[in-house]
Amino acid sequence: MLICKYMNFYVMTLFPEMILQGMSQSITGRAMAKGAISVEAVNIRDYTNERHGHVDDAPYGGGAGMVMQAQPICDCYEALLERIRRQGAEKKPRVIYLTPQGRVFDQSYAEELAGEENLIFLCGHYEGVDERALTLLETENVSIGDYVLTGGELPAMVMMDCISRLVPGVLGKEESADIETFHDGLLEYPQYTRPEVYRDLRVPEILLSGHHGNVEKWRREQSIERTLRFRPDLLPKARLTEKEQAYLRGLLAEQELGGN
Ligand code: 6GU
């Protein structure tokens, strides 16, 4: 995984406040303050040539809704590109267009994008964007899953959040340790903190035992059970020891019995 030392995000949107408000909280906000990432939201509306500030119009061929026009988007992009160039960028930044019609975003796509220095996001609204703008900007079309949202701002923030935590210095030491340990292709085990009993619910006894080996074994088993229950599609690629594979076969056998 080739990772850049820092990351500049640029977001072309009709709702810049939404992006800045969202990104300036929590871990991404801390990363911005530290200078590990930067977030610039550009208002597409500032680039309209129309007197009334319109950025959308009815679709040719008819149909419901409005389509975002190519002109403000292309002018906004060109102004942005020029600024990024002047800041010393050698290559043309990749441009991500957020759309349910795109390639589905996942962790390996995030790792690939974390290697960039500058990333541009184009957020659509209404029924979409004039196809010519997408052609001219040479966008990569990206979806965050199989459901439909009202605009690309939340998906852009999802992607920036996910990419940010791969940029060095964004997570603290303790938080980064998690990146290595979680994985093995399994879901996380359940966590507990004080008190030992809350509303009659006890913390599992094994976690109080102080026996590190048993705790580790229990956690792995919990991870395997949860993965089987909620994401069985992940199991073929999970990295399990011989013993863990036997444990999984036991769970599957139990399932067979229960299911009949
Ligand atoms: Cl990227 N945009 C919209 N509007 N809806 C979505 C999406 C993107 N990804 C999933 N649903």
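Provided above is the structure to which this section pertains.
Keep in mind that this is a model prediction, so the values were computed, not measured.

A. Inspection of the site of the ligand at higher detail. Taken together, Leu98, Thr99, Pro100, Val142, Ser143, Ile144, Gly145, Tyr147, Leu149, Gly151 and Pro155 make up the full set of residues adjacent to the ligand. A distance of 2.9 Å separates a nitrogen atom of the ligand from a polar atom in the backbone of Ile144. Protein burial of the ligand: of its 290 Å² of free accessible surface, 96% is covered by the chains. Of all the secondary structure elements, the ones that give two or more residues to the shell around the ligand are strand S5 (94-104) and strand S7 (140-143).

B. Just a nonpolar patch on the surface, in detail. Nonpolar side chains collect at one region of the surface, where Phe15, Met18, Tyr147, Leu149 and Leu154 lie side by side and expose about 460 Å² of accessible area between them. Relative to the helices and strands, Phe15 resides in the loop between strand S1 (7-13) and helix H1 (16-23).

C. Structural detail: the packing of aromatic side chains. Evaluation of the coordinates by the stated rule reveals two aromatic pairs. Taking the centre distance of 6.0 Å and the plane angle of 50 degrees together, the rings of Phe105 and Tyr109 count as tilted. A relative accessible area of 12% places Phe105 in the buried class. When the ring centre of Tyr109 is taken as reference, the NZ or CZ atom of Arg103 above it lies at 3.6 Å.

D. Up close: helix H2 (residues 26-34). Within H2, burial applies to Thr28, Gly29 and Ala31. Angular distribution of buried residues about the axis of H2 spans 160 degrees; they occupy a single face of the element. Every exposed residue of H2 that faces more than 90 degrees away from the buried side is listed here: Ser26, Ala33 and Lys34. Looking at the buried side of H2, the elements it contacts are H1, strand S2 (37-43) and helix H6 (153-164).

E. Structural view of the environment of Glu174. Residue placement: Glu174 occurs in helix H7 (residues 173-182). For Glu174, a relative accessible area of 73% puts it in the exposed group. Separated by 138 residues in sequence, Glu174 and Ala36 place their C-alpha atoms 17 Å apart.

F. Summary view of the sheet that holds strand S6 (residues 118-123). As summarised here, the arrangement of the five strands in space is S2-S1-S6-S5-S7, forming an open sheet in which the pairing is parallel. Taken across any chain shown, the strands that pair with only one partner, and hence form the sheet edges, are S2 and S7. Averaged over all neighbouring strand pairs, the angle between strand axes comes to 30 degrees, with direction disregarded. With five bridges connecting them, S1 and S6 associate as parallel partners. Residue pairing for S6: Phe9 is matched across the bridge by Leu119. Sheet contacts for helix H3 (residues 70-86): S1, S2, S5 and S6; angle to S1, the most-contacted strand, approximately 160 degrees.

Rules behind the numbers
- Residues numbered from 1 in each chain as written.
- Predicted model: local features only at pLDDT ≥ 70, side-chain atom pairs only at ≥ 80, totals over all residues.
- Heavy atoms only, no water.
- Near = heavy atom within 4 Å.
- Polar contact = N/O pair within 3.5 Å; in protein donor to acceptor, adjacent residues only side chain to side chain.
- Areas by Shrake-Rupley, 256 points an atom, 1.4 Å probe, with all protein chains shown as cover.
- Helix = DSSP H or I, 4+ residues; strand = E, 2+ residues; numbered from the N terminus.
- Patch = residues over 30% accessible without salt bridge, like charges linked within 9 Å, V, L, I, M, F, W, Y side chains within 5 Å.
- Salt bridge = Lys/Arg side-chain N within 4 Å of Asp/Glu carboxyl O.
- Phe/Tyr/Trp six-rings, centres within 6.5 Å; stacked < 30°, edge-to-face > 60°.
- Buried < 20%, exposed > 50% of the residue type's maximum accessible area, 1.4 Å probe, protein only.
- Lys NZ or Arg CZ within 6 Å of the ring centre and 35° of its normal.
- Arc of directions from axis to C-beta.
- Contact = heavy atoms within 4.5 Å.
- Pairing = 2+ DSSP bridges.
- Axes fitted to C-alpha atoms, helices over the stretch in contact; angles between N-to-C directions.

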